[in-house]
Structure formats: structure tokens, C-alpha cells
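Structural characterization, general
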Amino acid sequence: MRKLLCFLITVLALVSSCKDHKRIDLTTLGPGVPTDSLYCRDPFIVPDATTKTYCLFRTSTTPEGLGGVEMFRSEDLKTWYGPQRVLTVPEDNYLNGKIFAPEVHQYQGKWYIFATVNSDREWAESVEGWPKFTCRGTQIFHSGSLEGPFVPFSTELTTPKDFMALDGTFWEEDGVPYMIFCHEWVQILDGSFNLMPLKKDLSGPAGDPVTLFTASEAPWISPAAFFTEPDGTKKPGYVSDGNFVFKTKDGELLILWSSFKNGKYCVAISRSASGKIAGPWICDPEPIFEEDGGHPMVFKDFDGSLKLVFHQPNVGFSHPIILPVRDTGKTLEII
């Protein structure tokens, strides 16, 4: 009798488990693509508990030149099916060109994409040997579903128009939602990481941005290029890129980010001395990965293990790299 009861309990548990998520025939979404064959810069992965699949988001552009975001799904983080378009920037948007670094966050029952929108519009005369000084900024799009469609709150950027801003990420602390974004090195030479409070519904800024730290504060960093002044003086330019906030099991608050060490793109960590997002922030003495890969984010897989995701190489056919990491309580370590 006891064996029969245990058997029935097991069956009921399995049935309940099957009801918890909706099965998807991933082959209907498109041909399967291995991770190392999927072109993707700035990958962002969201585990979807309703379907027990992993959703990977990447940028795309419509034939008309409008920026957009696509989603791929996978059950094993090895083969990806898609793409499904989830966002297209409207034609009347303040900026509507190519999108960089889409991040997808759930907040108060809704889904949000933090996306950097680029343009060909120049805000200042470009300097020989430097990237063009084009208008770009992070904008927040929203949807009731992970599959979209994601739409903007307005035609305006969320970051200030006079900032060359990119790579916005989300953090909530003490009931206050924030965006942390990068202020481009092309504009200010020493790229920075800035904190800006958001409205409760994330529809716009709730205050002015403040600088948390600059790229040159990292002891390991190398200049990405040198700016030559009219008098011949050369000034170094330091890249701030790809920030992502993570709190360890012991409450250490980290920002993972990327820049260059000896010409190679890398993944680094800075940590808050106060344990709060306002800092002050201290850069670790060395990156945790420095083999020409970067723009990191971290997620927990369906087995409860942490994964670090970034793209590699930085130039050429960039594809996602997914590595297991360990939360030591003090920091993250690649296993």
C-alpha cells in the first residue's frame, strides 16, 4: 500500500510539473543554430519559466533600416531556434537606427527592453581617426509578454539627449528603479558609468544622472585609442562598456563590465564599498576574463546554476559564450 501511495504521489508530481509550463515545438520557430554559429553581439539570455526554454535576444535591422530586436529559444543552451521579432523602432522615434545591447527585464508584472538606439545624425564634427560623433542613447520599451511586441513610452530617449549614452541596464534598490548606463568615451575620453533614477513605471527619468566611476579607475585598463589635440598633444581614450549589476549571496554588490586590456576586450568587476548602488565603487585589480570577449550578463539556469554570457570575438563573427560561474559570496569566479 505504501509503495502504491508513493507511486501515485510521483505521478501526480510529474503531471503537476508538466502543467507548470507550456511545451513549444521549437522547430516551428526556424532552423536550429548551434551557439557558436549564431551571430550575436551583446547577448542577453532570459530563462522563461512558462515554457522551460531560454530566450536569447539580439539586435536586428529591418530592410527599411529601422532598428529592432529578435529572440531565439533553446532548451539546452546549445541549439537555438528562431528568430522571432519582438521589437521594431517606430519610424517617428527621435532615433530609429540600429540598436545596440538590448537587455530584457521583468518588473512589476511587465517586461521591459533597455535598448541603445543609434543614428547617423552627428552632434559634433568628427575627428580624424575616431568614430563619428553620432547621436545615440538608451530608450526603454515595454510589453505584457516576453514575446512582445515591445513598444516605446514615447518617441524620446530615456538618457539625456546631450549624452552619447549606451548599454543601459536595470536595478531596483529600496523600492527605487534605476538605470545604470555608459557615457561614451568618444564624447568624454574617459568613459563613465552613470546612475539615473527612473519613474515608478519606468516611463522616463526621475532625476539627473550621476557618475559612479570611470573606466580609467581600473588599474588593468589600456587606452582604446589616443585623441590628438590641435597642438599635437595626445590624450588617451578609455572605453566603458556593457555594465550589468549582480548581488552575491553574501550581499556584495558588483557591476560586471567590459573594456580593453592590452588590445583585448575583457570582462571585469567593480564592487560597491557600501553595498549600495550609489557606491563608492572600487575596481578589481584584474579582469576575470581577458581573451577578447566581453559585454557580460549573468543568469540562473533551470538547474539553479549560474551562467556568465558574453560575446567573442569582439571583432569579426561574434557569437555567444556561455560559461558556468560560482558565487563565492565575495565575487564571481569562472569555473
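Check the entry above for the structure.
Thresholds, definitions, all that
Residues numbered from 1 in each chain as written. Predicted model: local features only at pLDDT ≥ 70, side-chain atom pairs only at ≥ 80, totals over all residues. Heavy atoms only, no water. Core = buried A, V, L, I, M, F, W, Y, C linked by side-chain atoms within 4.5 Å. Buried < 20%, exposed > 50% of the residue type's maximum accessible area, 1.4 Å probe, protein only. Contact = heavy atoms within 4.5 Å. 1 Å grid on protein atoms, 1.4 Å probe; cavity = no way out; pocket = protein on both sides within 12 Å on 5 of 7 lines; lining within 4 Å. Points joined across faces, edges and corners; volume = space filled by probe spheres on them. Helix = DSSP H or I, 4+ residues; strand = E, 2+ residues; numbered from the N terminus. Polar contact = N/O pair within 3.5 Å; in protein donor to acceptor, adjacent residues only side chain to side chain. Salt bridge = Lys/Arg side-chain N within 4 Å of Asp/Glu carboxyl O. Pairing = 2+ DSSP bridges. Axes fitted to C-alpha atoms, helices over the stretch in contact; angles between N-to-C directions. Phe/Tyr/Trp six-rings, centres within 6.5 Å; stacked < 30°, edge-to-face > 60°. Lys NZ or Arg CZ within 6 Å of the ring centre and 35° of its normal.

Examining the nonpolar core
Membership of the largest hydrophobic core comes to 47 residues, with the highest contact counts inside it found for Phe-57, Leu-87 and Ile-113. Apart from residues no more than four positions distant in its own chain, Phe-57 is found in contact with Cys-40, Asp-42, Pro-43, Phe-44, Val-46, Val-69, Glu-70, Met-71, Val-86, Val-104 and Leu-146. Within the second largest apolar cluster, 23 residues are counted, among which are Leu-166, Tyr-178, Cys-266 and Cys-283.

Focus: empty space enclosed by the protein
Counted under the stated rule, the structure contains one cavity of 30 Å³ or more. Along its surface, the largest cavity is lined by Asp-42, Pro-43, Phe-44, Pro-102, Glu-103, His-295, Pro-296 and Met-297. Sorting the residues of the lining of the largest cavity by element identifies strand E6 (99-107) and strand E20 (294-300) as the ones contributing at least two each. When residues of the lining of the largest cavity are assigned to their parent elements, the largest contribution, three residues, is made by E20.

Description of the environment of Asn-243
Here Asn-243 shows up in strand E16 (residues 241-247). Separated by 29 residues in sequence, Asn-243 and Ser-272 have C-alpha atoms that sit 14 Å apart. There is a polar contact of 2.7 Å between the side chain of Asn-243 and the backbone oxygen of Asp-167.

A closer look at the pattern of salt bridges
Scanning the model with the defined rule gives 15 salt bridges in all. Between Glu-286 and Lys-261 there is a salt bridge, with its nearest N and O atoms 2.6 Å apart. Separated by 25 residues along the polypeptide, Glu-286 in the loop between strand E19 (281-283) and E20 and Lys-261 in strand E17 (residues 253-261) bring together distant segments of the chain. Here Glu-286 falls in the partly exposed class, since its relative accessible area comes to 41%. Here Glu-333 makes a salt bridge to Arg-326, at a shortest N to O gap of 3.3 Å. Among the ionic contacts, a cluster of salt bridges with common partners joins Glu-252, Arg-271, Asp-284 and Lys-330.

Regarding the sheet that holds strand E13 (residues 210-214)
Spatially, the four strands line up as an open sheet ordered E10-E11-E12-E13, and their pairing is antiparallel. Both outer strands of the open sheet, strand E10 (165-173) and E13, are each paired with one neighbouring strand and no more. Pairs of neighbouring strands in the sheet enclose a mean axial angle of 25°, with direction left out of account. As paired elements, strand E11 (residues 176-183) and strand E12 (residues 192-197) share six bridges and run antiparallel to each other. Looking across to E12, one finds that Cys-182 is bridged to Phe-193.

Observations concerning the packing of aromatic side chains
Under the definition given, this model contains 15 aromatic pairs. Pairing Phe-114 with Phe-170 gives two aromatic rings, centres 5.8 Å apart and planes at 55°, and the pair type is tilted. Remark: Phe-170 occurs in strand E10 and Phe-114 occurs in strand E7 (residues 110-117); sequence separation between them is 56 residues. By relative accessible area, which is 1% here, Phe-114 ends up buried. Ring pairs connect the aromatic residues Phe-193, Phe-213, Trp-220, Trp-257 and Trp-281, which therefore count as one cluster. The lysine or arginine in question, Arg-121, covers the ring of Tyr-94, its NZ or CZ lying 4.8 Å from the ring centre. Above the ring of Tyr-94, the side-chain terminus of Lys-161 is found at 4.1 Å from the ring centroid.

Brief notes about the environment of Lys-247
Within the fold, Lys-247 resides in strand E16. Distance from Lys-247 to Asp-327, taken between C-alpha atoms, is 9.4 Å for residues 80 residues apart in sequence. Setting aside its immediate chain neighbours within four residues, Lys-247 contacts Trp-171, Glu-252 and Leu-253.

Some words on the sheet that holds E16
Pairing is antiparallel across the open sheet formed by four strands, whose spatial order is E16-E17-E18-E19. The open sheet has two edge strands, E16 and E19, and neither has a second partner. Across this sheet, the average inter-strand angle for adjacent strands is 30°, counted without regard to direction. Summarising the sheet, E17 and strand E18 (residues 264-272) pair through eight bridges and their orientation is antiparallel. Across the sheet, residue Leu-254 finds its bridge partner in E18, namely Arg-271.

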